[in-house]
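# An overview of the molecular structure
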Amino acid sequence: MKEHTTGSSVKLDKPFGVDYDLVQGIMKDPQVHTIRLASSMRGHYKDAASLEALIAQSDPVHYEVFEMKIPQEVGQLQFCISKTYPGTVGGECFMTKGHYHAVPGTAEIYLCLRGEGYMLMKLPAGESAYEKFLPGRMCYVPPFWGHRTVNTGDEPLISFCVYPGEAGHNYGDIEKERFPLRVFKRGGKVEIVPAKAG
Ligand code: F6R
Ligand code: ZN
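Source: prediction; values computed, not measured.

### Quick word on the coordination of the zinc ion (ligand 2)
Four donors placed tetrahedrally about a metal ideally form angles of 109.5 degrees, and six donors placed octahedrally ideally form angles of 90 or 180 degrees. The zinc ion (ligand 2) binds to the protein through H99 (NE2), H101 (NE2), E108 (OE) and H147 (NE2), with metal-donor distances spanning 2.0 to 2.3 Å. Of note is the zinc ion (ligand 2), whose 6 donor atoms meet at the metal with angles of 75 to 173° in an arrangement that counts as octahedral. Along the chain, the residues that donate to the zinc ion (ligand 2) are spaced as H-x1-H-x6-E-x38-H. Each member of the pair, H99 as well as H101, carries the same accessibility label: buried.

### Here we look at the pairing of strand β16 (residues 189-194)
For strand β15 (residues 181-186) and β16, the ladder comprises 6 bridges, and the chain directions are antiparallel. Opposite R182, over in β16, you have V193 as the bridge partner. Counted between consecutive antiparallel strands, the loop separating β15 from β16 contains 2 residues, among which G187 sits at a positive phi close to 55°.

### Side note on helix α1 (residues 48-57)
Regarding α1, the residues found buried are L51, L54 and I55. Mapping the buried residues of α1 onto a view down its axis gives an arc of 100°, with all of them on the same face. With respect to the buried face of α1, the exposed residues turned more than 90 degrees away are A49, A56 and Q57. Buried residues along α1 sit against β5 (61-67) and β7 (88-89).

### Quick word on the site of ligand 1
Looking at ligand 1, there are 17 residues lining it, with Y63, S82, E108, Y110 and Y171 nearest. At 3.1 Å, a side-chain N or O of H101 approaches an oxygen atom of ligand 1. At a separation of 2.5 Å, an oxygen atom of ligand 1 approaches a polar side-chain atom of Y171. In the complex, 97% of the free accessible area of ligand 1, which totals 400 Å², lies under the protein chains. Elements with a contribution of two residues or more to the shell around ligand 1: β5, β6 (77-84), β9 (108-114) and β14 (157-164). Class assignment for the residues of the shell around ligand 1 results in 7 nonpolar, 7 polar and 3 charged.

The rules we used
Residues numbered from 1 in each chain as written. Chains lettered and ligands numbered in written order. Predicted model: local features only at pLDDT ≥ 70, side-chain atom pairs only at ≥ 80, totals over all residues. Heavy atoms only, no water. Donors = N, O, S within 2.8 Å, 3.2 Å for Na, K, Ca; no water. Tetrahedral: all angles 85-135°; square planar, octahedral: opposite > 155°, others 65-115°. Buried < 20%, exposed > 50% of the residue type's maximum accessible area, 1.4 Å probe, protein only. Pairing = 2+ DSSP bridges. Helix = DSSP H or I, 4+ residues; strand = E, 2+ residues; numbered from the N terminus. Arc of directions from axis to C-beta. Contact = heavy atoms within 4.5 Å. Near = heavy atom within 4 Å. Polar contact = N/O pair within 3.5 Å; in protein donor to acceptor, adjacent residues only side chain to side chain. Areas by Shrake-Rupley, 256 points an atom, 1.4 Å probe, with all protein chains shown as cover. Nonpolar A, V, L, I, M, F, W, Y, C, P; charged D, E, K, R; others polar.

This is the structure:
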């Protein structure tokens, strides 16, 4: 993972505006820009050997997140652009790592701006769900649901996300439990399958 703080000098304790490039799917002057490469996705794809081959070949960017440094406090709203690149690893579509919120009873809204794909979701007890991402379609992730974005298209999948200030991220639990569903694209056909069958 590469994460860097940028030069944005916006003061967050006063009202402020943020500029977006909706064609590129970027926040123009973010305070935090996170880039996750294929090499930060070990353990997430079914075909570990194909992931290693991809890392050795070019270690491409999987996804980027553009954010402002909003205080992690009740009453604030976190917001970001999440941009997941197209591609496959052994037929499985590029995706984000996925997480629960560290304060689990906090929801999130993802408004899809460009691209196509799915939001995969799961509860700690195992129940799973998915929602289609298409431009103009919003996905509501209720409190307690872990969530992961999957790009099934040929261009970046870009969403604008908003969630409570205090939410935070918990990557560890879902990494241990694993998502019950996987998304593959073979010969142009997208399939969502139980992880065990994948
Ligand atoms: C924030 C959120 C998104 C993701 C982003 C990257 O709560 O859900 O902004 O953080 O899509 O995915 P992860 O965080 O799973 O690497
Ligand atoms: Zn989230």
